[in-house]
Amino acid sequence: MPTSRRTPLTVAAATAALLLPLAACSSSSGSGASGDAQRLRVVMAFPPAQAMSPYGDDAVTLSRLAVIEGLTTLDRNGAAEPALATSWKQDNPTTWTFTLRDAVFQDGTKVDADAVVRSLTAAGKASPLPRVLSDTPLTATAAGPGTVRIVTKGEDPILPQRLANPSLTILSAGAYENGRANPAGHATGPFTLTGVKGAVSATLERNADYWGGKAKAPGVDVTFAADGTARANALRTKTVDVAEYVPIAQASLLGDSYVHEFPSARTNGLSLNTGRGVFADPAMRAAAREAIDSKALVDGVYEGRADTAKGLLGPGIPWAAGKRTAPTGRTPAASPEEVAKTKKIVLATYTNRPELPEVATLVQQQLEKRGFTVEQVVRDYAQMEADALAGTYDAFIQARNTLLDTADPVSYLASDFTCDGSFNISQLCDKDVDAAVDKAASLRATDARQGAGMTAEAAVLGADALVPLVHERFVQGYDDARVEGVALDPMERTLITADTHVG
């Protein structure tokens, strides 16, 4: 069974693997040489899982590294702001018109309506379909050289927020070859992706033609390290300037000047496979829920740097607590004696978030105390996502940002818990849940939409498709006496920006 803590040898090996690509960059010459003291050195937690395709989770990495942009962006409250579109208006319930900014792609070609139409059409045809489009197909057409008309299948009051999703990035014509989208040199952000070495490293150079002005750093040398201790050690030894997602266990060792903690919209949950196996029985799911002790996880794993789970939406969404209603339609839990008669369950999680393997060990103990027999599987996320989505595991622990797709929790509920949801790890297909999510999605007024969203949350919790474990707080690592302009974004869209630089 995989263990949740690394041995000293494992940590040393992981750190050596991290330092190797950085050392190689330092010894190189010309473009991309990290010997330039003004270049940023960043270590990211998630290695590319889809060869930097914008249609999966790699899009978030590209967004966090300021490589890609969409028509809109989001402010800290989740409201849409101009990006490649300077303005927009709703013509009727399903039709919107967007006016484009005067900008060029990193390859020198112009951002125009044809480019936007091409990019949005390609996203809609991608397989698998980006989560952000799972509940709202859209059609884009050119209404003029600098104007785009977008029509949604049904009324979509949050379309401007939806278009800020990293998977809906706008790329130049040169990005599209052989059915793939390659953002390297074809995006519009302040940094250009110029090189990727598999799951090991990437190189970014300043985009001199960025419409928002030149980035303060000349470039960024990126390494990927799933091992959180390796990331913290690289920061401690000053091998990197910025370390993404510092492990809780390392935070106190680094010291306050390196540790930047802030609330998030991320909920860590135990997805239960409702489609097959032990947890196809709602009574067994209820028994698993009753076995979980959230406070023990907060105290034992997160050292108090997290919040006990109250629902799917945590304190990173301030309005949620005041609108929360009790779960509906719950089945009584199976007794410990009934649980003990079931076959072994497979509990899986991933290493990229360093607390999750330790969470899995405590959750395993809590489930076994209830009578379950548990086998644990822990690997890198890139090796697990396809199996998780296919329902291979009985239970899957994941850290999910509930605002990542559209800054609207209703979209998260649709993608994760409806019959046609594209990120439905729990395999849930429940008519009451679908009806509640559909109702919330149809509402335009903010207060009414939020209230209906919490009604949908109650239906999901009532089905016990996911057991909330904790609400995370983010910890990003950098020396605030030396590095300026790092974005501390609860929605995780941004990290490195045009303003990020070594002081």
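Analysis parameters
Residues numbered from 1 in each chain as written. Predicted model: local features only at pLDDT ≥ 70, side-chain atom pairs only at ≥ 80, totals over all residues. Heavy atoms only, no water. Axes fitted to C-alpha atoms, helices over the stretch in contact; angles between N-to-C directions. Helix = DSSP H or I, 4+ residues; strand = E, 2+ residues; numbered from the N terminus. Parallel < 35°, antiparallel > 145°, perpendicular 65-115°, else oblique. Left-handed = near helix turned anticlockwise from the far one by under 90°. Contact = heavy atoms within 4.5 Å. Nonpolar A, V, L, I, M, F, W, Y, C, P; charged D, E, K, R; others polar. Pairing = 2+ DSSP bridges. Disulfide = S-S within 2.5 Å. Buried < 20%, exposed > 50% of the residue type's maximum accessible area, 1.4 Å probe, protein only. Polar contact = N/O pair within 3.5 Å; in protein donor to acceptor, adjacent residues only side chain to side chain.

A. Quick peek at the packing of helix 13 (residues 409-417) against helix 15 (residues 446-463). In contact at an axis separation of 10 Å, helix 13 and helix 15 are set at 30° when each is read in the N-to-C sense. With respect to their mutual orientation, helix 13 and helix 15 come out roughly parallel. Like other packed secondary-structure pairs, helix 13 and helix 15 cross with a definite hand, here left-handed. Contact residues: Val410, Leu413 and Phe417 in helix 13; Arg449, Gly453, Ala456, Glu457 and Val460 in helix 15. For the contact of helix 13 with helix 15, the per-class residue count stands at five nonpolar, one polar and two charged.

B. Spotlight on the pairing of strand 10 (residues 191-197). Here strand 10 runs beside strand 11 (residues 201-206); their pairing, made up of six bridges, is antiparallel. Paired with Leu193 across the strands is Leu204, a residue of strand 11. Turn length for the strand 10-strand 11 hairpin, with the two strands adjacent in sequence and antiparallel, is three residues, and the turn residue Gly198 shows positive phi of about 50°.

C. Quick peek at the state of the cysteines. Going through the model one piece at a time under the given rule, you end up with one disulfide. Between Cys419 and Cys429 runs a disulfide, and the two sulfur atoms are separated by 2.0 Å. Disulfide Cys419 to Cys429: torsion about the S-S bond roughly 95°, handedness right-handed. On the criterion of sequence distance, the pair formed by Cys419 in the loop between helix 13 and helix 14 (431-442) and Cys429 in the loop between helix 13 and helix 14 is long-range, its members being ten residues apart. Owing to a relative accessible area of 30%, Cys419 belongs among the partly exposed residues under this scheme.

D. Local environment of helix 13. In terms of burial, helix 13 is a largely internal element, nine of the nine residues being buried. Burial in helix 13 covers these residues: Pro409, Val410, Ser411, Tyr412, Leu413, Ala414, Ser415, Asp416 and Phe417. At its buried positions, helix 13 is contacted by helix 4 (159-162), strand 18 (395-401), helix 14, helix 15 and strand 19 (466-478).

E. Broad picture of the side chain of Arg353. By the element assignment, Arg353 lies in the loop between strand 16 (345-350) and helix 11 (355-370). Only 3.3 Å separates the side chain of Arg353 from the side chain of Glu492, close enough to count as a polar contact. The residues touching Arg353, leaving out its near neighbours within four places in the chain, are Phe46, Tyr245, Arg266, Ala399, Glu472 and Glu492.

F. Up close: the packing of helix 14 against helix 15. One can describe the packing of helix 14 onto helix 15 by two numbers: an axis separation of 8 Å at closest approach and a directional angle of 170°. Taken together, the axes of helix 14 and helix 15 lie roughly antiparallel to each other. Classified by chirality, the crossing of helix 15 by helix 14 is left-handed. Between helix 14, through Val433, Ala436, Val437, Ala440 and Ala441, and helix 15, the contact on the second element is made entirely by Arg449, Ala452, Gly453, Ala456, Ala459 and Val460.

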